[in-house]
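# Structural characterization, general
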Amino acid sequence: MVSMHKKILIANWKMNGNSESLKSLAEYYVNMLTGQQAEVVLCPAHPYLSLVNNITKNSPVKLGAQNIASFPKGSYTGEVSGEMLTDIGCKYVIIGHYERRKFFNERGEEIARKIDLAVQSNLIPILCVGEKLNKRKEGTYLSFIKEQIENSQILYQKNAVIAYEPVWSIGTGVIPTVEEIAEVVDMITTMSKAKVLYGGSVSADNSCLISDIANLDGFLVGAASLKAEEFHAIYKSLLG
Ligand SMILES: O=C[C@H](O)COP(=O)(O)O
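These numbers were taken from a predicted model, which means no experiment stands behind them. (Residues numbered from 1 in each chain as written. Predicted model: local features only at pLDDT ≥ 70, side-chain atom pairs only at ≥ 80, totals over all residues. Heavy atoms only, no water.)

## As for the sheet that holds strand 7 (residues 195-199)
Basically, it comes down to this: By definition, two strands form a pair when at least two bridges between them are found by DSSP. In DSSP terms, a helix is any run of H or I states spanning at least four residues, a strand is any run of E spanning at least two, and both are numbered starting from the N terminus. Axes here refer to lines fitted to C-alpha atoms; in helices the fit is confined to the stretch in contact. Angles between the N-to-C directions go from 0 to 180 degrees.
If you trace the eight strands once around the closed barrel, you get 1-2-3-4-5-6-7-8, paired in parallel fashion. Adjacent strand axes in the sheet meet at a mean angle of 25°, parallel and antiparallel pairs treated alike. Here strand 1 (residues 7-12) runs beside strand 8 (residues 218-221); their pairing, made up of four bridges, is parallel. From the neighbouring strand, Ala 11 faces strand 8, where its bridge partner is Val 221.

## Things to note about the site of the ligand
In plain terms, the rule: Consider each residue's heavy atoms; a residue with any of them within 4 Å of a molecule or strand counts as near. Side-chain atoms alone can form a polar contact between residues adjacent in sequence; in general such a contact is a pair of N or O atoms within 3.5 Å, and within protein one must be able to donate a hydrogen while the other accepts it. The method behind every accessible area is Shrake-Rupley, applied with a 1.4 Å probe, and residues are considered shielded solely by the protein chains displayed. Ten residue types, Ala, Val, Leu, Ile, Met, Phe, Trp, Tyr, Cys and Pro, are classed as nonpolar, four, Asp, Glu, Lys and Arg, as charged, and the remainder, Gly among them, as polar.
Around the ligand, the structure places Asn 12, Lys 14, His 97, Glu 165, Ser 169, Ile 170, Gly 171, Gly 200, Ser 201, Leu 220, Gly 222 and Ala 223. Between the ligand and Lys 14, the relevant distance is 2.7 Å, taken from an oxygen atom to a side-chain nitrogen or oxygen of the residue. Here an oxygen atom of the ligand and a backbone polar atom of Ser 201 are 2.8 Å apart. Relative to its unbound accessible area of 300 Å², the ligand is 96% covered by the protein chains. Here the shell around the ligand is composed, by residue class, of three nonpolar, seven polar and two charged.

## So, the UniProt feature "active site" (unreviewed entry) in the chain
Defined as follows: UniProt positions are given in the numbering used here, feature names are shortened, and annotations may be inferred rather than shown by experiment. A simple rule labels every residue: compare its accessible area, found with a 1.4 Å probe on the protein chains alone, to the largest value its type can have, and call it buried under 20%, exposed over 50%, or partly exposed in between. Contact between two residues is taken to exist if any of their heavy atoms lie within 4.5 Å; hydrogens are not considered.
In the UniProt entry, the feature "active site" (unreviewed entry) is given for His 97 and Glu 165. The greatest C-alpha distance among the annotated residues, which extend across 69 residues, is 8.5 Å, indicating that they converge on a single site. What makes His 97 buried here is its relative accessible area of 5%. With sequence-adjacent residues up to four places away left out, His 97 is seen in contact with Asn 12, Lys 14, Cys 128, Glu 165 and Ile 170. You can call Glu 165 buried: its relative accessible area is 6%. Setting aside its immediate chain neighbours within four residues, Glu 165 contacts His 97, Cys 128, Val 129, Gly 130, Ile 170, Gly 199, Gly 200 and Leu 220.

## Quick notes on the pairing of strand 6 (residues 161-164)
We apply this condition: Seen with its strands pointing away from the viewer, a crossover is right-handed when the path leading from the first strand over the helix to the second is clockwise.
Because side chains alternate across strand 6, one face comprises the buried residues Val 161 and Ala 163, and the other comprises Ile 162 and Tyr 164, equally buried. Pairing geometry for strand 5 (residues 124-129) and strand 6, over four bridges, is parallel. Across the sheet, residue Val 129 finds its bridge partner in strand 6, namely Tyr 164. Taken together, strand 6, helix 8 (residues 178-191) and strand 7 constitute a β-α-β crossover, and its handedness is right-handed.

## Looking at the packing of aromatic side chains
How we decide: Ring geometry is summarised as follows: Phe, Tyr and Trp rings, the Trp one being its six-membered ring, pair when their centres sit within 6.5 Å, and such pairs are stacked at plane angles under 30 degrees, edge-to-face over 60 and tilted between the two.
Going through the model one piece at a time under the given rule, you end up with five aromatic pairs. Relative to Tyr 29, the ring of Tyr 28 lies with its centre 5.8 Å away and its plane at 75°, an arrangement referred to as edge-to-face. On the basis of relative accessibility, which here comes to 0%, the residue Tyr 29 falls in the buried class. Judged by centre distance (4.0 Å) and plane angle (5°), the ring pair of Phe 71 and Tyr 76 falls under stacked. What makes Phe 71 partly exposed here is its relative accessible area of 34%.

## Brief notes about the nonpolar core
What counts is decided by this rule: Among buried residues, those of type Ala, Val, Leu, Ile, Met, Phe, Trp, Tyr and Cys that are joined through side-chain atoms within 4.5 Å constitute a nonpolar core.
Trp 13, Leu 42, Ile 188 and Phe 219 are the most contacted members of the largest nonpolar core, which has 56 residues in total. Not counting residues up to four positions away in its chain, the partners in contact with Trp 13 are Leu 22, Leu 25, Ala 26, Tyr 29, Leu 42, Cys 43, Pro 44, Val 52, Gln 66, Ser 225 and Leu 226. Ile 10, Cys 43, Ile 124 and Leu 220 belong to the second-largest nonpolar core, a separate cluster that totals 13 residues.

Listed below in structure tokens is the structure:
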């Protein structure tokens, strides 16, 4: 079954770029990726959110953050709250990305709190889930991903995005087979009404094949989203 959701293409720029390079990428995307069939979301690092918002605010391109504090406000030096993100123009926020689980030890309860705070601040949470290679080899990946989703409490939210990002595919150039992605997408679709994305080494070379997967609503793209023409090609492949 083909998903009835509007497609969504998210650029996760991670801790890359500077004022000049991100401004020029954002300008390119605002000019090139403004079709009505797919929503494009740009997620720069926090210091560049306002700069990108100035470029996207009068366009269909949306702004997203890469992280949100797990507290609503107050004395949490260095943190950025959901209210602040909404205030500077964000519509989305990425939560539970593998890199945050790995380097900042983010786990279930904290991720659930962040999702709740995001929704309270009118942000759409983009929950990232995915297994390490050992879980795939053991054959326990589906139950692992199901548990990540259940622990996040995202199933209680009406408006949400879940990105399946197998850890072994992030930044490696290795992608699962179409059947492997479809199996996980189907499981998530049976659990939840959220939009379901795939992320992990998405490129102009593989995006056409992956975008044909039934019920897949789009991509969460890392490295390739920093290359304007390649990201444009991925966008076109989503439109079919
Ligand atoms: O958020 C994006 C993912 O971590 C994928 O990154 P990648 O496209 O560089 O593999």
